[in-house]
Amino acid sequence: MTSSQQKPPLPRRTPRAGRPATAKVEEAVAARDDLAAALSGAGVQLPMMDVRTPWPETDGEDSSRPARYALVHLGVCSAPVAHALAAVIRKGSAR
């Protein structure tokens, strides 16, 4: 792939800017970045990958409740990207 054909870098999102991330959120952000790099190396780029917690970080009076876990949200993708992702997975699992 030439430099003019390279895909733009994925945006780096951080949960709740200005709030300290919990260890679980940091773990999910690292996992998201690792997955994005692996997919990019295989020529696949999902349009949006994000990290989410299953509930708002603020909860009435307790505004400092830490996330017990965080999820890597893969978002949506077009049919061609889904086919490309399936092909990469098949190729990798055939080894």
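Residues numbered from 1 in each chain as written. Predicted model: local features only at pLDDT ≥ 70, side-chain atom pairs only at ≥ 80, totals over all residues. Heavy atoms only, no water.

Some words on the overall build of the protein
(1) Moving on: Each helix and strand counted, the protein has 2 helices and 2 strands in total.
(2) Moving on: Beginning at the N terminus, the succession of helices and strands in the protein can be written as α-β-β-α.
(3) Moving on: The proportion of buried residues among the 95 residues of the protein is 19%.
(4) Moving on: Excluding contacts between residues fewer than 6 apart, the proportion of contacts in the protein whose partners are at least 24 apart in sequence is 59%.
(5) Moving on: Put simply, the protein shows about 6900 Å² of open surface, and 56% of that area lies on carbon and sulfur atoms. (Helix = DSSP H or I, 4+ residues; strand = E, 2+ residues; numbered from the N terminus. Buried < 20%, exposed > 50% of the residue type's maximum accessible area, 1.4 Å probe, protein only. Contact = heavy atoms within 4.5 Å. Areas by Shrake-Rupley, 256 points an atom, 1.4 Å probe, with all protein chains shown as cover.)

Notes on the pattern of salt bridges
(1) Moving on: The tally for this structure, following the rule as stated, stands at 2 salt bridges.
(2) Moving on: Between Lys24 and Glu27 there is a salt bridge whose closest N-O contact spans 4.0 Å. Note that Lys24 and Glu27 are positioned in helix 1 (residues 23-41) at a spacing of 3 residues, about one turn of the helix.
(3) Moving on: With a shortest N-O distance of 2.8 Å, Asp33 and Arg32 are connected by a salt bridge. (Salt bridge = Lys/Arg side-chain N within 4 Å of Asp/Glu carboxyl O.)

Some remarks on the confidence of the model for the protein
(1) Moving on: Counting all residues, the mean pLDDT for the protein is 77, and 64% of those residues have values of 70 or more.
(2) Moving on: The element-level mean pLDDT for the protein is lowest in strand 1 (residues 50-52), coming to 89, with helix 2 (residues 79-93) highest at 92. (pLDDT = per-residue confidence, 0-100.)

Regarding helix 1
(1) Moving on: Relative to the 27 Å expected for 19 residues at 1.5 Å per residue, helix 1 spans 27 Å between its end C-alpha atoms, a close match to the ideal helical length.
(2) Moving on: All buried positions along helix 1 are accounted for by Val25, Ala28, Val29, Arg32, Ala36 and Leu39. Down the axis of helix 1, the buried side of the element spans an arc of 100°, and every buried residue falls inside it. Facing away from the buried side of helix 1, by more than 90 degrees, are the exposed residues Ala23, Asp34 and Gly41.
(3) Moving on: Tucked inside the fold, the buried residues of helix 1 contact strand 1, strand 2 (71-73) and helix 2.
(4) Moving on: In the stretch just after helix 1, Gly43 is the one whose phi turns positive, near 85°. (Expected span 1.5 Å × (residues − 1). Arc of directions from axis to C-beta.)

Some remarks on the environment of Gly75
(1) Moving on: Residue position: Gly75 is located in the loop between strand 2 and helix 2.
(2) Moving on: In this structure, the C-alpha to C-alpha distance between Gly75 and Met48, residues 27 residues apart in sequence, is 5.4 Å.

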